[in-house]
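Here is what each chain is made of, one letter per residue.
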Protein chains: 2
Amino acid sequence: MNAMTGTISTGQERKAPGRPRNAQADEAILDAVLTLLSDGQSASAVSIESVAAKAGVGKATIYRRWPNKEALLIDAVRSMKGPIPELAGESVREDLIAMVTANRSSRGREFGKVTACLLPELIKDEELSRMHQAVIEPRREVMRQILRRGIAAGELRADLNIELTVLMLSGPSMMQGLFGTVTGIPDADFPEALVDALLRGAAA
Amino acid sequence: MNAMTGTISTGQERKAPGRPRNAQADEAILDAVLTLLSDGQSASAVSIESVAAKAGVGKATIYRRWPNKEALLIDAVRSMKGPIPELAGESVREDLIAMVTANRSSRGREFGKVTACLLPELIKDEELSRMHQAVIEPRREVMRQILRRGIAAGELRADLNIELTVLMLSGPSMMQGLFGTVTGIPDADFPEALVDALLRGAAA
């Protein structure tokens, strides 16, 4: 975990792991990737050259930090998510709200519309898909653990479909990110409203 | 409504409205648009020329049917959705399941991954965004009407947040379309599973 950028190592070896990283350059490079994608470039069209030009750094600066474009793309996606929070572990409701909140960092709120567009490309490319799974799967697994704990404690229905419930937490969040204020619910209140609606159910 | 293609008129004047439309050519043209988008082209990169080449028709054939690229793109998006179903109007649950089911046509299931990627581009372009609203807003409005009817009949909670509930019906569907079998729920069973989970709530 890099405390300065909020990014987590991709698990790929950096070319020069001993060299100190420059948090400001990291930010500029990640923002450049997300800006290119926001401007309508596909992930396959983004190149180290175009990112370097956009960020105002040399290609070598990027290659010192990321071994290849795939690692850079995935780190850009990762930087849109907040770190997995420390969970209080007491109330299932509180923990789910914390997880939904952490689904988006401030960069995620700025570039949130990018994610939905990237997903299809990430899924199609075997290597990217594997790397993307490494970003989202730990978050999904924490969600599953909270839900399982809730079932065991009798707080949640015993017949709850865990995978469907994870989708019901992540899908509406993505839509809120895409359509912004379509719900009339401010982003800050969205996680609590979603979790409460999910727990209570719509039936009278 | 064109019964052969399942598409609804964009409300734009066709260049030659008296000319009989060729359903097979329509299908080939719409499939060409969606194939180009699936192959990673952005909506802005798609051109009438590239669609004509992909579909194996002349540009004139496309222009006889659609006045411009925007109308063609929106019809391609529309063709991924089933027609708004006739609702029985008895059970809120049944009507919601019918609506979630109609969210995807067979073409939508084939090209479902495209939609998420198009959304950010559609939202960014003012003209496309307006046309896209014309496709999705009537569906959202039917959903809202069902929910309001449910509240009035005492089937749904009186304090239900209608807009959030619409998002909780559409967001997970989009994720299921993107990630396919991630939930382990077959596509055919998904609408019922989602609506029941939404109605019942996750709390014990």
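Residues numbered from 1 in each chain as written. Chains lettered and ligands numbered in written order. Predicted model: local features only at pLDDT ≥ 70, side-chain atom pairs only at ≥ 80, totals over all residues. Heavy atoms only, no water.

Draft legend 1. Focus on the relation of the copies chain B and chain A. Mapping chain B onto chain A is achieved by rotating through 180° and translating by 0.1 Å along the same axis, at an RMSD of 0.0 Å. Seen this way, the second copy is the image of the first under a two-fold rotation axis. Mapped onto chain A, 100% of the interface residues of chain B again fall at the interface, so both copies present the same surface. (Least-squares fit on C-alpha atoms with pLDDT ≥ 70 in both. Contact = heavy atoms within 4.5 Å.)

Draft legend 2. Seen up close, the interface of chain B and chain A. Across the boundary between the two partners, chain B contributes 45 residues, which contact 45 residues of chain A. Buried area between chain B and chain A, both sides added, is near 4,100 Å², and the carbon and sulfur share of it is 72%. The largest per-residue losses of area from chain B upon contact with chain A belong to Arg157, Leu167 and Ala202 of chain B, which jointly make up 15% of the total buried on that side. Taken together, chain B and chain A are joined by zero salt bridges. (Buried area = accessible area lost by both parts, 1.4 Å probe. Salt bridge = Lys/Arg side-chain N within 4 Å of Asp/Glu carboxyl O.)

Draft legend 3. Seen up close, the UniProt feature "DNA-binding region" (unreviewed entry) in chain A. On the UniProt side, "DNA-binding region" (unreviewed entry) is annotated at positions that read residues 47–66 of chain A here. Helix makes up 75% of residues 47–66 of chain A and strand 0%. Its end C-alpha atoms lie 13 Å apart. (UniProt positions renumbered as here; feature names shortened; annotations may be inferred. Helix = DSSP H or I, 4+ residues; strand = E, 2+ residues; numbered from the N terminus.)

Draft legend 4. Quick peek at the environment of arginine 78 of chain A. Position of arginine 78 of chain A among the secondary structure elements: in helix 4 (residues 69–78). A distance of 3.3 Å separates the side chain of arginine 78 of chain A from the side chain of aspartate 75 of chain A, its partner in a polar contact. (Polar contact = N/O pair within 3.5 Å; in protein donor to acceptor, adjacent residues only side chain to side chain.)

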